[in-house]
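Below, each chain spelled out in residue letters.
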Amino acid sequence: MNAAATTITRCLHCRRPLRSARSIANGYGPTCARRIRNAAVDTTDYKPHQIASARELIADAAIVPVRGQAFAAVSSDGTETYLAHPTNCTCPAGLKAARCYHQLAARMLLAA
Ligand SMILES: [Zn+2]
Ligand SMILES: [Zn+2]
């Protein structure tokens, strides 16, 4: 019918086509969403609010795979995109070699 109807939205994790409106909104199929939530990631170096922010970033589909272990993460105000990797990130905190939640989100996604 229209262009939107023919566009296939794929899971950001496994690339399988998403069918339900909820999955499309989440960016992940239900299985991948569960695997990401339950991913075994060492969060001992992170504060609770950083863990919450990382989960929120994933839930909002504001972090998407680029290639290999690199992810594009949208800044909290939506004006910038950072390149996040499990051990480094181009955000202001990441550039200061601090642990930012983008790196944590990248680890969660890679561990799922
Ligand atoms: Zn999937
Ligand atoms: Zn960062």
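Look above for the structure.
A quick note: this is a predicted structure, and the numbers were derived from the prediction, not measured.

A. Region of interest: the sheet that holds strand β2 (residues 70–74). With antiparallel pairing, four strands are arranged side by side in an open sheet as β1-β2-β3-β4. At either margin of the open sheet sits one strand with a lone partner, and together these are β1 (63–67) and β4 (88–89). Where strand β3 (residues 81–85) lies against β4, two bridges are found, and the strand directions are antiparallel. Of the residues in β4, the one forming a bridge with Ala-84 is Cys-89.

B. Local environment of the side chain of Ser-75. Structurally, the position occupied by Ser-75 is in the loop between β2 and β3. Side-chain polar atoms of Ser-75 contact the backbone nitrogen of Thr-79, separated by 3.3 Å. Not counting residues within four places of it along the chain, the set of residues in contact with Ser-75 comprises Glu-80 and Tyr-82.

C. Main features of helix α3 (residues 30–37). Within the sequence span of α3, burial applies to Cys-32, Ala-33 and Ile-36. Buried residues in α3, looked at end-on, bunch into an arc of 105 degrees, giving them a common side. More than 90 degrees from the buried face of α3, the exposed residues found are Pro-30 and Arg-37. The elements touched by buried residues of α3 are α4 (48–59) and α6 (101–111).

D. Molecular detail of the coordination of the zinc ion (ligand 2). Looking at the metal site, the zinc ion (ligand 2) is ligated by Cys-89 (SG), Cys-91 (SG), Cys-100 (SG) and His-102 (ND1), spaced 2.0 to 2.4 Å from it. Coordination at the zinc ion (ligand 2) comes from four donor atoms whose angles at the metal span 104 to 115 degrees, giving a geometry best classed as tetrahedral.

E. Seen up close, the coordination of the zinc ion (ligand 1). Distances from the zinc ion (ligand 1) to its protein donors, Cys-11 (SG), Cys-14 (SG) and Cys-32 (SG), fall within 2.2 to 2.3 Å. Positions of the donor residues of the zinc ion (ligand 1), expressed as sequence spacing, correspond to C-x2-C-x17-C. Cys-11 gets classed as buried once you look at its relative accessible area, which sits at 1%. Residue classification places Cys-14 among the partly exposed residues on the basis of a relative accessible area of 31%.

F. Just the pattern of salt bridges, in detail. For the coordinates displayed, the defined rule picks out one salt bridge. Residues Arg-99 and Asp-45 are paired through a salt bridge, measuring 3.5 Å at the closest nitrogen-oxygen approach. Separated by 54 residues along the polypeptide, Arg-99 in the loop between α5 (92–95) and α6 and Asp-45 in the loop between α3 and α4 bring together distant segments of the chain. On the basis of relative accessibility, which here comes to 46%, the residue Arg-99 falls in the partly exposed class. Classification of Asp-45 by relative accessible area gives partly exposed; the value is 46%.

Rules of the game
- Residues numbered from 1 in each chain as written.
- Chains lettered and ligands numbered in written order.
- Predicted model: local features only at pLDDT ≥ 70, side-chain atom pairs only at ≥ 80, totals over all residues.
- Heavy atoms only, no water.
- Pairing = 2+ DSSP bridges.
- Helix = DSSP H or I, 4+ residues; strand = E, 2+ residues; numbered from the N terminus.
- Polar contact = N/O pair within 3.5 Å; in protein donor to acceptor, adjacent residues only side chain to side chain.
- Contact = heavy atoms within 4.5 Å.
- Buried < 20%, exposed > 50% of the residue type's maximum accessible area, 1.4 Å probe, protein only.
- Arc of directions from axis to C-beta.
- Donors = N, O, S within 2.8 Å, 3.2 Å for Na, K, Ca; no water.
- Tetrahedral: all angles 85-135°; square planar, octahedral: opposite > 155°, others 65-115°.
- Salt bridge = Lys/Arg side-chain N within 4 Å of Asp/Glu carboxyl O.

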